[in-house]
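# Summary of the model geometry
So you can see what is in the structure, the chains are spelled out below.
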Amino acid sequence: MSSLLNDYMQMEQQLEQLRTRLEKLQNDDRLKAELEFKDKLESLMSEFGKSTADVIALLDPSSRSTSSKAAPASDGRRKRKLKIYKNPNSGEVVETRGGNHKTLKAWKEEHGADTVESWLVRVEE
């Protein structure tokens, strides 16, 4: 039971230290200036109907081009190009963004990878 009492007393002491630090911060003129700036900026953004992303894009245009490239893929990777193959023997068309397509794999086993790659009709973004 004494360990529980020790934990309580220790937490009270930590709480008092945090209160003291918070009080010092609240009286810091630099914090007051930053909070005032933040309030005024949010008010201005609201007045003009702008989001945080809009302001960042306005102040740092290079951040927009970097983030927009990675945006389409949810995991941060860019989307693979669409490859369209046409089998000249059967006329069958395969559209794929990866090499794990069932029909494409069967063609490569039967005719060889180099031959199947020569059947590539076009590549799209």
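Residues numbered from 1 in each chain as written. Predicted model: local features only at pLDDT ≥ 70, side-chain atom pairs only at ≥ 80, totals over all residues. Heavy atoms only, no water.

When helices and strands are counted, the chain shows six helices and three strands. Scored against the burial criterion, the 125 residues of the chain give a buried share of 11%. Pairs at least 24 apart in sequence give 35% of the contacts found in the chain among residues at least 6 apart. Accessible surface, the chain as shown: approximately 10,800 Å² in total, 53% of it carbon and sulfur. (Helix = DSSP H or I, 4+ residues; strand = E, 2+ residues; numbered from the N terminus. Buried < 20%, exposed > 50% of the residue type's maximum accessible area, 1.4 Å probe, protein only. Contact = heavy atoms within 4.5 Å. Areas by Shrake-Rupley, 256 points an atom, 1.4 Å probe, with all protein chains shown as cover.)

In this section: the packing of aromatic side chains. Applying the stated criterion across every chain yields a total of one aromatic pair. Note on Trp-107 and Trp-119: the rings are 5.5 Å apart at their centroids and 75° apart in plane angle, and the pair reads as edge-to-face. Residue Trp-107 is found in helix H5 (residues 102-111), and its partner Trp-119 is found in the loop between helix H6 (113-117) and strand E3 (120-124); the two are separated by 12 residues along the sequence. The burial state of Trp-107 is the same as that of Trp-119; both residues are buried. (Phe/Tyr/Trp six-rings, centres within 6.5 Å; stacked < 30°, edge-to-face > 60°.)

A few words now on the pattern of salt bridges. Enumeration according to the criterion identifies seven salt bridges in this entry. Between Glu-36 and Lys-40 there is a salt bridge whose closest N-O contact spans 3.1 Å. Within this pair, Glu-36 and its partner Lys-40 are both found in helix H2 (residues 29-48), separated by four residues, close to a single helical turn. For Glu-36, a relative accessible area of 45% gives the class partly exposed. Given a relative accessible area of 54%, Lys-40 falls into the exposed group. One salt bridge connects Glu-125 with Lys-81, and the closest N-O pair in it is separated by 4.0 Å. Here Lys-81 lies in the loop between helix H4 (61-70) and strand E1 (82-86) and Glu-125 lies in the segment after E3, a separation of 44 residues in the sequence. Glu-125 gets classed as exposed once you look at its relative accessible area, which sits at 72%. Residue classification places Lys-81 among the partly exposed residues on the basis of a relative accessible area of 39%. (Salt bridge = Lys/Arg side-chain N within 4 Å of Asp/Glu carboxyl O.)

Let us now look at the side chain of Thr-96. Relative to the assigned elements, Thr-96 resides in strand E2 (residues 93-96). The class of Thr-96 is buried, set by a relative accessible area of 10%. Non-local contacts of Thr-96, meaning those with residues more than four positions away in its chain, are made with Lys-81, Leu-82, Lys-83, Tyr-85, His-101 and Leu-104.

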